[in-house]
Amino acid sequence: MNSVIKAFGGICVALALCNFYWALQGTPLVSYGHDGTYDDATTILSVTIPNDDDNNGTSTTGTTNGTNNGTLTSSSTTTTTTTTSNGTDILYQNMLQNSLQPFSNVSTTFHSKTFYAGLCNQYMRFMGLILLASMEGYGQIIEESISWKDTYGHNDLVPHLMLWDVVHWNTYYPILPRLVSYREDIHRDLTLSLDTINLNPGTFVKRNVQYRPEIVSHIWDANATIVPPPFVRKPMEGKNKYKILVKQIDVNQAEKSNPVHLAMYKAMLEGALRPHPFLQGIIDKTRMELGGGDNDHGDEKGGYMVLHARVEPDMARENERICQQYRVMNMTEILNMIYEKYPEPPVKTVLIVLSKALMEQEEAKKDVVMKNKKQEPDYFHVMNHHNLNTLNDILEHGMWGGKVKVVEAGSQMVHDAGNDFYRYYSNIAGSIVNFFLAIQSNILVGTEISTFSTLAMNSRIYRGQRENYFYRPQGLYWMSPLNNVTKPHRFVC
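Residue numbers run consecutively from 1 along every chain, following the written order of its sequence. Reporting in this predicted model follows two pLDDT cut-offs: at least 70 for local features of residues, and 80 or more for side-chain atom pairs to be given and counted; totals over whole chains, interfaces and linings ignore these cut-offs and use all residues. Just so you know, side-chain values use all the structure's heavy atoms and leave hydrogens and water out.

Draft legend 1. Region of the structure containing the overall build of the protein chain. Helix numbers and strand numbers start at the N terminus; a helix is a DSSP run of H or I with at least 4 residues, a strand a run of E with at least 2. Scanning the protein chain for helices and strands turns up 18 helices and 16 strands. Buried positions account for 53% of the 493 residues belonging to the protein chain. A contact between two residues is defined here by any heavy atoms of the two lying within 4.5 Å. Once local pairs closer than 6 in sequence are excluded, the contacts in the protein chain between residues at least 24 apart make up 73%. Accessible area for the protein chain stands at about 22200 Å²; split by element, carbon and sulfur atoms hold 50% of it. Buried residues are those whose accessible area, probed at 1.4 Å on protein chains only, stays under 20% of the maximum for their type, while exposed residues exceed 50% and partly exposed ones sit between those limits. Computed with a 1.4 Å probe, the accessible areas rest on the Shrake-Rupley method; for each residue, only the protein chains presented here act as cover.

As structure tokens, then:
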């Protein structure tokens, strides 16, 4: 009991220090209520320090909301902390260390597979594995067992805690399972190795935690006693669990047959999974620059629209026959739908989310073909040429006769943020920034043939943001009318 009281006292002191600093600054660097938002972005320099009282002065405490039922255990492992030019995010890192401490009386598991594909496919897999952990009775997951793949960047695995706000996530326990650090003295069948990633410039030391080599072939044996036990045996198991739940939601069965998982799903879409404070700082700064600010109504005085124009040649060519009834691949047609819906500018800025690089690569291929006169450019080349010219025109001249500025989204804002780690992994980090800029926009226009648009709009529905439109051949379709939507859109394409 004394250790619990000391632990609780330690976190109270930590929170008091945080609040004291924030009071001095006037606005908080990070807030950790379920509706909290970040107010600043800081530059992070990664260093590795021992997790002991002599070096960091932190207590071995748990979550910050006081709702857990776990017993805390002390730690002697190493962890990654960060510093800034003004030292402010040391506060976050201390809270992260505390939050990652495992509870000794809560069942813990280890995710045995890795993510792959693009961000939104990984996002669905993550939500599915969280549902699976709950279904199997686990209250904690080893954080190092969850990594996100930088698929279109360095094709490398990125630690979960470097992309997402784990402190905030853990405040949702016991609704959602906690993420906790590997402990050699507790998790006896795991082993830790350290990899140094050359960020050029700078380095990052990544913690790789795996099952000990001598037991890897036995971890799924029925009679084996593995500590911690593994879960997610098949690569698609997490995503399949996610798809089962969203189908139940779609046919109005989840509330009666699976209320626990429905509550978990809502919590994740409402904001339990939110970006790492550094990335959220970029999002908040960009929102202000786009005109977001305090204007949440999309009127002519401010706000921004996100247009997810999925017209890149890969979508046009590789998925030509998928969901043809919902496809619009002509950029001009999409813009005309928006002008018909909004004759006058509804926002200050339009942020376009697409891959201009893919379009430019296709354009270069077309030029080579025409120059050599080996064949006439096909339909996809012609349409891409038109779409690229249309995109360049509105980027230069704006929309609504130049009244509204048009900005291209991308990973450059992360690349230019002054942090070696996020510059190196700017592809996946930039995808996260773009995704949450879409979620927090005043108006979102996208396509239901894309997981990006669908997931962003479903998150917005649970957050009460109703200005969400799919572009279809018939025009813009309002997918979330104020009095007519009680469930998210099910992705079927």
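Moving on from the model shown.
Draft legend 2. Summary view of helix α17 (residues 426-439). To estimate how far a helix should extend, the number of its residues minus one is multiplied by 1.5 Å. For α17, built from 14 residues, the straight-helix expectation of 20 Å at 1.5 Å per residue is met to within 8% by its first-to-last C-alpha distance of 19 Å. α17 sits mainly inside the fold: 12 of its 14 residues count as buried.

Draft legend 3. Quick look at the packing of helix α4 (residues 119-135) against helix α9 (residues 259-272). Where helices are involved, their axes are fitted lines through C-alpha atoms of the stretch in contact, as for all axes, and angles between N-to-C directions lie from 0 to 180°. In the contact formed by α4 and α9, the axes pass within 11 Å of each other and the chain directions differ by 145°. In the packing of α4 onto α9, the handedness of the crossing is right-handed. Seen from α4, the contacting residues are Y123, M127, I130, L131, S134 and M135; seen from α9, they are V260, H261, M264, Y265, M268 and L269. Split into classes, the residues belonging to the contact of α4 with α9 amount to 10 nonpolar, two polar and no charged. Each crossing gets its hand from how the near helix is turned against the far one by less than a right angle, where anticlockwise is left-handed and clockwise is right-handed. Charged residues are taken to be Asp, Glu, Lys and Arg, nonpolar residues to be Ala, Val, Leu, Ile, Met, Phe, Trp, Tyr, Cys and Pro, and polar residues to be all remaining types, Gly included.

Draft legend 4. Seen up close, the sheet that holds strand β3 (residues 108-111). Strand order in the open sheet formed by four strands is β7-β4-β3-β10, and the pairing between neighbours is parallel. This sheet does not close on itself; its edge strands, each paired only once, are β7 (178-180) and β10 (230-231). One ladder, built from two bridges, connects β3 with β10; its direction is parallel. Its bridge partner being in β10, H111 is matched across the sheet by F231. Strand pairing requires that DSSP identify at least two bridges connecting the strands.

Draft legend 5. Here's a closer look at the pattern of salt bridges. Counted as salt bridges are all cases of a side-chain nitrogen of Lys or Arg within 4 Å of a carboxyl oxygen of Asp or Glu. Tallied over the full model, the rule gives 15 salt bridges. A salt bridge links E312 to R310; the shortest N-O distance between them is 2.8 Å. When sorted by exposure, E312 lands in the same class as R310, which is buried. When the shortest N-O distance is used, the salt bridge between E362 and K365 registers 3.5 Å. With E362 and K365 both in helix α13 (residues 356-372), this residue pair falls three residues apart, about one helical turn. Using a relative accessible area of 45% as the deciding quantity, one classes K365 as partly exposed. Taken together, the shared-partner salt bridges in this structure form one network comprising R188, D189, R212 and E214.

Draft legend 6. View of the packing of aromatic side chains. Aromatic rings from Phe, Tyr and Trp, taking only the six-membered ring of Trp, are treated as a pair when their centres fall within 6.5 Å; an angle between ring planes under 30 degrees marks them as stacked, one over 60 as edge-to-face, and anything in between as tilted. Under the definition given, this model contains 23 aromatic pairs. Ring centres of Y265 and Y462 lie 5.9 Å apart, and the angle between their planes is 85°; this geometry places the pair in the edge-to-face category. With Y265 in helix α9 and Y462 in helix α18 (residues 451-462), this pair connects stretches of sequence that are 197 residues apart. Comparing Y265 with Y462, the two get one shared label, buried. Pairing F435 with F452 gives two aromatic rings, centres 5.4 Å apart and planes at 75°, and the pair type is edge-to-face.

Draft legend 7. Representation of the sheet that holds strand β15 (residues 468-472) in the model. Reading across the sheet, the six strands line up as β13-β12-β11-β14-β15-β16 and stay open at both edges, with mixed pairing between neighbours. What marks the edges here is a single partner per strand, and that holds for β13 (405-408) and β16 (475-478). With strand direction ignored, the average angle separating the axes of adjacent strands in the sheet is 25°. Pairing of β15 with β16 involves four bridges; the strand directions are antiparallel. Looking across to β16, one finds that F470 is bridged to Y477.

Draft legend 8. Just the pairing of β15, in detail. Burial within β15 is extensive, with five of its five residues counted as buried. Residues N468, F470 and R472 point to one face of β15 and Y469 and Y471 to the other, with burial holding for every one of them. In the sheet, strand β14 (residues 443-446) pairs with β15 via three bridges, with the strands oriented parallel. Residue pairing in the sheet places L444 in a bridge with N468 of β15. Taking the sense of rotation as the criterion, the β-α-β connection linking β14, α18 and β15 turns out right-handed. Look down the strands so they point away from you; if the path from the first strand over the helix to the second goes clockwise, the crossover is right-handed.

Draft legend 9. A look at the environment of F278. With respect to the element layout, F278 can be found in helix α10 (residues 277-290). Overall, the relative accessible area of 2% leaves F278 in the buried class. It is 9.4 Å that separates the C-alpha atoms of F278 and D165, two residues lying 113 residues apart in sequence.

Draft legend 10. Molecular detail of the side chain of T454. With respect to the helices and strands, the residue T454 is situated in helix α18. The buried category is assigned to T454, whose relative accessible area is 4%. Whenever a nitrogen or oxygen atom comes within 3.5 Å of another N or O atom, the pair is scored as a polar contact, on the condition that within protein one atom can donate a hydrogen and the other can accept it, and that pairs from neighbouring residues in sequence are kept only if both atoms are in side chains. Reaching out from T454, the side chain makes a polar contact with the backbone oxygen of S450 at a distance of 3.0 Å. If sequence neighbours within four positions are ignored, T454 has contacts with T447, E448, F470, H489 and F491.

Draft legend 11. Seen up close, the nonpolar core. To define a nonpolar core, start from buried Ala, Val, Leu, Ile, Met, Phe, Trp, Tyr and Cys residues and group those joined through side-chain atoms within 4.5 Å. Of all hydrophobic cores here, the largest spans 81 residues; its most connected members are L279 and F435. Ranked by the residues each element gives to this core, the list is headed by α4, at 11 residues. With sequence-adjacent residues up to four places away left out, F435 is seen in contact with L119, C120, Y123, F452, L455 and A456. Among the nonpolar cores identified, the runner-up in size contains 33 residues, and M305, A316, V328 and I443 belong to it.

Draft legend 12. Region of the structure containing the packing of helix α12 (residues 331-341) against helix α14 (residues 379-397). Where α12 contacts α14, the two axes come as close as 8 Å, and the packing angle between them is 45°. Judged by the inter-axis angle, α12 sits oblique to α14. Within the contact between the two elements, α12 uses M331, T332 and L335 and α14 uses H386, N387, T390, L391 and I394. Of the residues in the contact of α12 with α14, the class split is four nonpolar, four polar and no charged. Working definition: roughly parallel below 35 degrees, roughly antiparallel above 145 degrees, roughly perpendicular at 65 to 115 degrees, and oblique for all remaining angles.

Draft legend 13. Highlighting the environment of L176. Here L176 lies in the loop between α6 (166-170) and β7. You can call L176 buried: its relative accessible area is 1%. Remark: the alpha-carbon pair of L176 and A272, spanning 96 residues in sequence, is separated by 8.7 Å.

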